[in-house]
Amino acid sequence: MAAGKGSGGRQYGIVPGQPNASILLYRMEKTDPGIAMPEIGRVMVHQEAVTLIRDWIEELKGDCN
């Protein structure tokens, strides 16, 4: 899993039903090269992709605890 500021203090890459607790979405929403995913090759957030992944995570069923 991502370490340091790349995790945003979150514990899991994807938390089913909880996009705001998911490292994947956190990194997609950032432009800082130390946080952003992908780390290089972009200077803006692709809002349509963020919305798509947020909706997908919200629909996932499961429990990480």
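Residues numbered from 1 in each chain as written. Predicted model: local features only at pLDDT ≥ 70, side-chain atom pairs only at ≥ 80, totals over all residues. Heavy atoms only, no water.

(A) Structural context of the overall build of the chain. Across its full length, the chain carries two helices and zero strands. Buried positions account for 29% of the 65 residues belonging to the chain. Taking all contacts inside the chain whose residues are at least 6 apart in sequence as the whole, residues at least 24 apart take part in 40%. A total of about 4,400 Å² of accessible surface is found on the chain, and carbon and sulfur atoms cover 55% of it. (Helix = DSSP H or I, 4+ residues; strand = E, 2+ residues; numbered from the N terminus. Buried < 20%, exposed > 50% of the residue type's maximum accessible area, 1.4 Å probe, protein only. Contact = heavy atoms within 4.5 Å. Areas by Shrake-Rupley, 256 points an atom, 1.4 Å probe, with all protein chains shown as cover.)

(B) The arrangement of the nonpolar core in detail. The biggest cluster of nonpolar side chains holds seven residues, and these are L24, L25, M28, V45, V50, I53 and I57. Mapped onto this core, the elements with two or more residues apiece are α1 (23–28) and α2 (47–59). Those residues in contact with M28, other than ones at most four positions away along the chain, are M37, R42, V45, A49, V50 and I53. (Core = buried A, V, L, I, M, F, W, Y, C linked by side-chain atoms within 4.5 Å.)

(C) Fine view of the pattern of salt bridges. Counted by the stated rule, this structure contains two salt bridges. Across the pair K5 and D32 runs a salt bridge, and its minimum N-O distance is 3.3 Å. Linking K5 in the segment before α1 with D32 in the loop between α1 and α2, this pair joins segments that are 27 residues apart in sequence. When its relative accessible area of 31% is taken as the criterion, D32 is described as partly exposed. For E29, the salt bridge goes to R54, with nearest N and O atoms at 2.8 Å. Linking E29 in the loop between α1 and α2 with R54 in helix α2, this pair joins segments that are 25 residues apart in sequence. (Salt bridge = Lys/Arg side-chain N within 4 Å of Asp/Glu carboxyl O.)

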